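Remarks on the overall topology
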Amino acid sequence: MTRRDFINGMAVAVVAGMTPLEILAKSSSSSYPPLWQNLVGSDDDSYFFAHALRDGEQYDFAKIPIQEHYDVVIIGAGISGLSAACLFHDKHKGTKSLILDNHKDFGGHARRNEFDTPYGKILTYGGSESLQSPKTLYSKQVVRFLHSLNIDIDTLAKCFDQDFYPDLGLSKGVFFNKKNFGVSKLVSGDPRVIIDDSIRQERNNARSFAEFIGDFPMPKADREALLELFTKPKDYLQGLSKKQKRDYLAHTSYKQFLQDKVKLSPLALSFFEGVSDDFMALGIDMISCELAQECALPGFEAIVPTNDAFEEPYIHHFPDGNASIARLMVKRLIPHIATCGNTPEEVLLARFDYSKLDLPKNMSRIRLQSTALDVRNVAGGVEIVYGCKRTNKLYKVFAKKAIMANYNAMIPYIVKELQEEQKSALSQCVKTSLIYTKVLLSNWECFTRLGIHDIYAPKSFYVNTKLDCPVDMGAYKHPRDPKKPICLHLIGSPLWLNPKEIDTAQLTARDLSRLTRHALLETPFSTLEQMTLSHLQEIFGQAGFSKRDVLGITLNRWGHCYAYNYNSLFDTPKQSQRTIKTARKVCGNIAIANSDANWDAFLHTAIEQAMRALSDLKLS
């Protein structure tokens, strides 16, 4: 228990009249990862063995004896790896599996954060947030698999109270920071439609665009240019043929479009510097116009038809995000992990006993803090060597089959027998980076005073700051009293961590992702913590916010977050599909399953790729 953990625990416990000894007695959270604060997610321990291997550390794998035998070993306990295990055991009763994962918790990016307060438990998500457009994007096979976990998409949607924040008179807003806009200013009543809208447009308490943009801290000419862009659709590519328009939209960045065709000034354009940082984890200079149009960004209404793939409301959400799906799968694989039923409502509130994840009696074992270092085909199956961070030792196990459900970019270092063409293809999936910061507030009256629940901040590290999703499920109720604690969700983009602006003219999206990941991993928690507090103080200080209102901070760092997505600025469709198919080819008794395997960072993709990998190994 660190000093900060103790202080944060004290702050909450004092309210309940607890003594220091009673506080210490409650510190059993050390064995329960969801309650951990400070830096979590992919922390330094998670990368310890992987980065050593990447940097050329030499190991003598041949001398390590085989200690255990399994029917299948799965590398990665994220959604794809857990799905593969569940589907495997459904088909092959009486078999044994082992799941290895380098993190201290299962679920991959589907991470659960918990806070204990005197008023009850607050649940939230530390990564993978919601089911994106399940009615549109999910196959029958994925829906059937979710049903097998007792997840019904329509029932889940009803748990999200879309009217909660509107009924309080709260709206979305935009915050302009003093550093980039000359003044700290919060503008409420944002009428924009965004890709992850959870509130019906008619209920978002928005002002007109004229009133909203009229409050921007910009010269009149810039405000008028932005107002015209949002309210007067026109064909900015007039004179081009349909094919020329398609080519332009595919091969021109949204930033260049705003500069060259809409002719926004640098200050007006800066309003958009951040609109894609959270959903795509890339700036507007790295996304094409066609992708910007899919993300509901303005400028294309009179050029191309609206894409309806993301028009479903963003409300298919558990209180702890997609961590509930990971927990339901773990409960199926290891029933004695908790004394509860198998429904989402029961699993949601159950405290899992992590000491039972890796018991010899389990038909499926989950071994955390265990990084696969060498996976190779041998006679009759596969040998897997992994490094255990708890013991700092190497171990070897044997399996008839192995499934790589980890990051594509790491696989070439682990499965060394792959052909060079496949290694090269795997390396093309360079993940982007993000931080999901959760701040436990003692109250949220500053939000109600300002009439805000969700804030976009252009040209800021924390591009999005919002009160947590209002989801009630079973006995769990979302915080409803502004005078009591609530969890605040912030999305941080490492694009803004570099001390000076990067000249991206000669960079690809892959290059930029590598640079920003390095910047993120080099930034200590203390710096990120101070950035968090300063950000909140600048926005809410005028409404009475004080750093004393912060009872806890959990910073979920994802150096490898979203799977690489096809990017028409740097990729061609045919070459991308060829690369994807080459990268996920089966290698003897080794198959690949993860969202990387289809260049698509969605939950349904992770499940579909698990299904495909099992089929590749003739296990489905």
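This text goes with the structure placed above it.
Residues numbered from 1 in each chain as written. Predicted model: local features only at pLDDT ≥ 70, side-chain atom pairs only at ≥ 80, totals over all residues. Heavy atoms only, no water.

1. Here's the deal with the overall build of the chain
The cut-off we apply is this: In DSSP terms, a helix is any run of H or I states spanning at least four residues, a strand is any run of E spanning at least two, and both are numbered starting from the N terminus. We take the radius of gyration over the C-alpha atoms and set the globule estimate at 2.2 Å times the residue count to the 0.38 power. Throughout, exposure labels follow a simple rule: accessible area from a 1.4 Å probe, protein chains only, divided by the maximum for the residue type, with under 20% read as buried, over 50% as exposed, and the rest as partly exposed. Residue contacts are defined here by distance: any two heavy atoms, one from each residue, within 4.5 Å place the two residues in contact. Residue burial considers only the protein chains on display, and all accessible areas are found by Shrake-Rupley using a 1.4 Å probe. For the purpose of counting charges, residues Lys and Arg are taken to be positive, whereas Asp and Glu are taken to be negative. His and the chain ends are not included. A single reference atom marks each charge: NZ on Lys, CZ on Arg, CG on Asp, CD on Glu.
The helix and strand tally for the chain stands at 24 helices and 17 strands. Taken over C-alpha atoms, the radius of gyration comes to 24 Å for the chain, in line with the 25 Å a tight globule of 620 residues would show. Out of the 620 residues in the chain, the part that is buried amounts to 59%. Considering only residue pairs separated by 6 or more positions, the chain has 73% of its internal contacts joining residues 24 or more positions apart. Carbon and sulfur atoms make up 51% of the accessible area of the chain, which amounts to about 25000 Å² in all. Each charge class in the chain was averaged separately, 75 positive and 70 negative side chains, and the resulting centres sit 3 Å apart.

2. Considerations on helix α4 (residues 79–91)
For clarity, the cut-off: What a helix is expected to span follows from its residue count: subtract one and scale by 1.5 Å.
Between its first and last C-alpha atoms α4 spans 18 Å; for 13 residues at 1.5 Å apiece the expected length is 18 Å, and the two agree. Most of α4 sits out of view: ten of its 13 residues are buried. Buried residues of α4: Ile79, Ser80, Gly81, Leu82, Ser83, Ala84, Ala85, Cys86, Phe88 and His89, and no others.

3. Focus on the environment of Leu603
Turning to its location among the elements, Leu603 is positioned in helix α24 (residues 603–616). Sequence separation between Leu603 and Ile79 is 524 residues; the distance between their C-alpha atoms is 7.1 Å. Excluding anything up to four places from it in sequence, Leu603 contacts Ile79, Tyr138, Asn322 and Ile325.

4. What to know about unusual backbone geometry
In this structure, Asn392 is a non-glycine residue whose phi angle is positive, near 55 degrees. Relative to the helices and strands, Asn392 is located in the loop between β10 (381–388) and β11 (393–404). With relative accessibility at 46%, the residue Asn392 sits in the partly exposed group. A positive phi angle is found at Lys459, which is not glycine, with a value near 55 degrees. Owing to a relative accessible area of 16%, Lys459 belongs among the buried residues under this scheme.

5. Things to note about the packing of aromatic side chains
What counts, and what does not: We call Phe, Tyr and Trp rings a pair once their centres come within 6.5 Å, taking the six-membered ring for Trp, and we label the pair stacked below 30 degrees between planes, edge-to-face above 60, and tilted otherwise. Sitting over a ring, as applied to charges here, requires NZ of Lys or CZ of Arg to be within 6 Å of the ring centre and within 35 degrees of the ring normal.
For the structure shown, the criterion picks out 28 aromatic pairs. Across the ring face of Phe352, the terminal group of Arg327 is positioned such that the distance to the ring centre comes to 4.1 Å. Above the face of the Tyr32 ring, Arg351 is positioned so that its terminal group lies 4.2 Å from the ring centre.

6. Overview of the packing of helix α19 (residues 420–427) against helix α23 (residues 573–583)
How we decide: Fitted lines through C-alpha atoms give the axes, limited to the stretch in contact for helices. The angle between two N-to-C directions lies from 0 to 180 degrees. For this classification, under 35 degrees means roughly parallel, over 145 means roughly antiparallel, 65 to 115 means roughly perpendicular, and everything else is oblique. Crossings are classed by handedness, with left-handed meaning an anticlockwise turn of the near helix from the far one by less than a right angle and right-handed meaning a clockwise turn.
Viewed as axis vectors pointing N to C, α19 and α23 meet at an angle of 115 degrees, and their least axial separation amounts to 8 Å. Relative to α23, α19 is oriented roughly perpendicular. Judged by the sense of rotation from one axis to the other, the crossing of α19 with α23 is left-handed. Here Glu421, Gln422, Ala425 and Leu426 of α19 lie close against α23, whose contacting residues are Thr579, Thr582 and Ala583.

7. So, the side chain of Gln609
Tracing the sequence through the fold places Gln609 in helix α24. The contacts of Gln609, once residues within four sequence positions are left out, are Ser80, Arg584, Ile592, Ala593, Asn594, Ala597 and Asn598.

8. Remarks on the nonpolar core
We count it as follows: Here, nonpolar core refers to any group of buried Ala, Val, Leu, Ile, Met, Phe, Trp, Tyr and Cys residues whose side-chain atoms link them within 4.5 Å.
Grouped together as the largest cluster of nonpolar side chains are 75 residues, with contacts concentrated most on Ile79, Phe106, Ile325, Phe352, Leu357, Ile366 and Ile403. Those residues in contact with Ile403 that lie beyond four places of it in its chain are Val72, Val73, Ile74, Ile75, Ala84, Ala591, Ala593, Ala613, Leu614 and Leu617. Phe216, Cys295, Ile303 and Leu512 belong to the second-largest nonpolar core, a separate cluster that totals 50 residues.

9. Brief notes about the sheet that holds strand β12 (residues 434–441)
Spelled out, the test is: The criterion for strand pairing is that DSSP finds at least two bridges linking the strands in question.
The strand order across the open sheet formed by eight strands is β1-β16-β12-β15-β14-β13-β6-β7, and the pairing between neighbours is mixed. Every interior strand has two partners, whereas the edge strands, β1 (38–41) and β7 (185–188), have only one. Geometrically, the sheet is characterised by an average inter-axis angle of 25 degrees between neighbouring strands, direction not taken into account. Taken strand by strand, helix α22 (residues 525–540) contacts β1, β6 (171–176), β7, β12, β13 (452–456), β14 (462–467), β15 (486–492) and β16 (550–558), and its axis lies near 65 degrees from that of β14.

10. Some words on the pattern of salt bridges
In a structure, side chains of opposite charge can pair up when their charged atoms sit close to one another. Our working definition: A pair is scored as a salt bridge if a Lys or Arg side-chain nitrogen falls within 4 Å of a carboxyl oxygen belonging to Asp or Glu.
The tally for this structure, following the rule as stated, stands at 40 salt bridges. Between Asp55 and Arg54 there is a salt bridge whose closest N-O contact spans 2.8 Å. The partly exposed category is assigned to Arg54, whose relative accessible area is 41%. Taking the shortest distance from any N to any O, the salt bridge between Glu273 and Lys255 comes out at 3.2 Å. A residue pair is termed long-range when its members are at least 10 positions apart, and Glu273 in the loop between α14 (266–269) and α15 (289–294) and Lys255 in helix α13 (residues 254–260) qualify at 18 residues. By relative accessible area, Glu273 is classed as buried at 13%. Judged by its relative accessible area of 24%, Lys255 is partly exposed. Overlapping salt bridges, with partners in common, bring together Arg112, Glu114, Asp116, Lys121 and Asp320 in one network.

11. Some words on the environment of Trp496
Within the secondary structure, Trp496 is located in the loop between β15 and α21 (509–522). Separated by 261 residues in the primary sequence, Trp496 and Asp235 place their C-alpha atoms 33 Å from one another. Those residues in contact with Trp496 that sit more than four places away from it in its chain are Glu273, Asp277, Lys459, Ser460 and Phe461.

12. Here we look at α19
What counts here: By arc we mean the arc of the directions from the helix axis to the C-beta atoms, nothing more.
Within the span of α19, buried status applies to Gln422, Lys423, Ala425 and Leu426. Buried residues of α19 fall within an arc of 160 degrees about the axis and therefore sit on the same side. The exposed residues of α19 that point more than 90 degrees off its buried face are Glu420 and Glu421. Buried residues in α19 make contact with α18 (411–414), α23 and β17 (590–592).

13. Brief notes about the state of the cysteines
To keep things clear, this is the line we draw: Disulfides are defined as cysteine sulfur pairs within 2.5 Å.
Enumeration over the complete set of coordinates arrives at zero disulfides. Free of any disulfide, Cys289 has its nearest neighbouring cysteine sulfur in Cys295, separated by 12 Å. Cys587 takes part in no disulfide bond, and the closest cysteine sulfur, belonging to Cys429, lies 19 Å away. When its relative accessible area of 14% is taken as the criterion, Cys587 is described as buried.

14. Let's talk about the side chain of Ser130
What counts here: Definition of a polar contact: a pair of N or O atoms within 3.5 Å, with one able to donate and the other able to accept a hydrogen when the atoms are protein atoms, and with sequence-neighbouring residues admitted only if both atoms are side-chain atoms.
Within the element layout of this structure, Ser130 appears in the loop between β5 (120–125) and α5 (134–137). Overall, the relative accessible area of 9% leaves Ser130 in the buried class. A distance of 2.6 Å separates a polar atom in the side chain of Ser130 from a polar atom in the side chain of His317. Beyond its immediate stretch of four places on either side in the chain, Ser130 contacts Tyr314, His316, His317 and Asn322.

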